[in-house]
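So the chains spell out like this:
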Amino acid sequence: METKINTISDFVRELEVTLDYSEIKPEIEAAYKKERAKISIDGFRKGKAPMGMIKKLYGDAIEYRASEDIANTKFWEIVKEQNLEPISTPALADINFEPEKELTFKVQYEVKADIEVKDYSGQKIKKPVFLVKDEDIERDINTMLKSKSDYEEVEKVEDENHRITVDLQRIDENGEAIEGSTARNMVIDLADERVNPNIAKAAIGKNINETFTFSFTDEHKHGEETHKEDFTYTANILDIEKLVMPEITGELVKSLSRNMATDMESWKKSLRETYEKYYEAQSDEIYTNGLLNKIIENNEFTPPQGYVDVLFNRIVESEKEKAKREKRHFDEEMMKDNIQKQAEWMAKWQIISENIARIEKIEVNDDDLKELAEKEAENTGISVDKLIKYYKDSNRADAMLDEKIISYLKENNEIEEFDPSKEAEGEEK
């Protein structure tokens, strides 16, 4: 057998193979036996015709058809022997079979080729620093306390901590009622952030059976156009209830904090720590994504389409399974463009990251797997050997390599911290 690998493009290789007829004769004979069992010839029971007659009548057709199967089998044998690592579905580019002489074929396949990655260190990448605000803590505590609160009927709306029941009537610019725009017995929590603040402003100071008027403008996009519509309502107050917050006790704090605190001070501290952990995780994710995007931008290239297609199908199947678990509909056609972009991004990153690993000699070895297994064995009780076998069977080393590459990039690029709230204020101005 003779093999030769031709370079078609940066990411496409072609395996050219020449096999002597004697090397494929066992496969040819097996094909004859397989086809013989299916063939009926007059004078013989099905599958019992003499092999000589089978070869004379159908030999060329059987051998030519078998040659394609042989080419496919031999290709994958060579892939394993030579560690060729195709990353998408190979394509038979050419095949030439001469019975009793030789079989030659060419198979093209995509690879994660070596590329010269540039500008993957020394970059300045923005990282948002989200600050925990006292009002966030207070809001969460009030929300949780409110879930244990009660209401008592009163005669007057003193502040926003009231709930009112009203009949609403939309009116026109002349103060006339608009037919078909009435809503009765509407319950409005004036402290709810989702309630238009103009309602609370107009309601405060009013008594039962009094009427107040409020207005607001609804603004929304319709295609490229912005639509605005003014609304004015009169509200007749039918009932008023005052929010009565519960007495703050150690037992209540313990219950609402899920045993994380026993007093208000430790509760606030616990909530602050939870916020800080969450914000740091969000901040790091944004920074990491920004870092990887920057490196991809610095090394723009077109990834092999077959590999992109493989990743696209993998994402689609994953999203289908997720939708099935969550019992919701997955619209593949609607998500097609987003998934395509995601697949292209993943293909670029995989090729770039593997080349960074090659250049910087970053790898995951048996010692790394053993170290991880020893740590997890303490927590799980599973033996180190079983964990190592599981890691190898589940390609855990690939995920560990990706983690090592990202860790290397974080160490070799500069973080530029910023306060997103201040940037948002600047944009508003």
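Below, the structure is looked at part by part. Counting starts from 1 at the beginning of each chain's written sequence and moves along it residue by residue. A pLDDT threshold of at least 70 governs which residues receive local features in this predicted model, and a stricter bar of 80 or more applies before side-chain atom pairs are shown or counted, although totals over entire chains, interfaces and linings include all residues. The side-chain values count all of the structure's non-hydrogen atoms but skip hydrogen atoms and water molecules.

Take the side chain of Asp167 next. As for its placement among the helices and strands, Asp167 is situated in strand 7 (residues 162-171). By the convention used here, residues are in contact when the closest approach between their heavy atoms is within 4.5 Å. Once residues lying within four places of it in the same chain are set aside, the contact partners of Asp167 are Ala183, Arg184, Asn185, Thr234, Ala235, Asn236 and Leu238. Per the convention used, a helix needs a DSSP run of H or I reaching at least four residues, while a strand needs a run of E reaching at least two, with both numbered from the N terminus.

The salt bridge criterion pairs a side-chain nitrogen of Lys or Arg with a carboxyl oxygen of Asp or Glu, the two atoms within 4 Å. In total, this model carries 28 salt bridges according to the counting rule given. When the shortest N-O distance is used, the salt bridge between Asp393 and Lys389 registers 2.8 Å. Of the two residues, Asp393 and Lys389 both sit in helix 10 (residues 384-393), four residues apart, roughly one turn of that helix. Judged by its relative accessible area of 53%, Lys389 falls in the exposed class. Type-normalised accessible area, obtained with a 1.4 Å probe on protein chains alone, sets the label of each residue: buried when under 20%, exposed when over 50%, and partly exposed for intermediate values.

The topology assignment puts Gly59 in helix 2 (residues 51-82). Since its relative accessible area comes to 4%, Gly59 is described here as buried. Between the C-alpha atoms of Gly59 and Pro99, which are 40 residues apart in sequence, the distance is 9.4 Å. In this structure, Gly59 is in contact with Tyr32 and Ile54, ignoring residues within four places of it in sequence.

Take the environment of Pro197 next. Note that Pro197 resides in helix 4 (residues 197-203). Residues Pro197 and Phe214 lie 17 residues apart in sequence; the distance between their C-alpha atoms is 9.6 Å.

Only Phe, Tyr and Trp rings take part, Trp by its six-membered ring, and two of them pair if their centres are within 6.5 Å. Stacked means planes under 30 degrees apart, edge-to-face means over 60, and tilted covers everything else. A full pass over the atoms with the stated rule returns 14 aromatic pairs. Between Tyr21 and Phe97, the aromatic rings sit 6.3 Å apart at their centres with planes inclined by 25 degrees, giving stacked as the arrangement. A residue pair is termed long-range when its members are at least 10 positions apart, and Tyr21 in helix 1 (residues 21-36) and Phe97 in strand 3 (residues 91-98) qualify at 76 residues. Since its relative accessible area comes to 6%, Tyr21 is described here as buried. Overall, the relative accessible area of 5% leaves Phe97 in the buried class. A centroid spacing of 6.1 Å and a plane angle of 35 degrees characterise the contact between Phe212 and Phe214, whose relative ring orientation is tilted. Comparing Phe212 with Phe214 shows no difference in burial state: the two are buried. Members of the aromatic cluster, joined through ring pairs, are Phe212, Phe214, Phe216, Phe231 and Tyr233. Working rule: Lys NZ or Arg CZ, within 6 Å of ring centre, within 35 degrees of ring normal, means a charge sits over the ring. Geometry around Phe418 places Lys126 over its ring, the cationic atom sitting 5.3 Å from the centre. Positioned over the ring face of Tyr151 is Arg163, at 3.8 Å from the centre of the ring.

On to a nonpolar patch on the surface, then. Only residues whose relative accessible area exceeds 30% and that take part in no salt bridge are eligible for patches, with like-charged residues grouped when within 9 Å of each other and nonpolar side chains (Val, Leu, Ile, Met, Phe, Trp, Tyr) grouped when within 5 Å. Computed by Shrake-Rupley with a 1.4 Å probe, the accessible areas treat only the displayed protein chains as cover when residues are assessed. Taken together, Phe44, Met53, Leu57 and Tyr58 make up a surface patch of nonpolar side chains, about 350 Å² in accessible area. Mapped onto the elements of the fold, Phe44 is located in the loop between helix 1 and helix 2.

As a further point, take unusual backbone geometry. The residue Glu85 is not glycine, and still its phi comes out positive at about 55 degrees. For Glu85, the location among the structural elements is in the loop between helix 2 and strand 3. Phi at Asp119 takes a positive value of approximately 50 degrees, unusual for a residue other than glycine. Relative to the helices and strands, Asp119 is located in the loop between strand 4 (102-110) and strand 5 (124-128).

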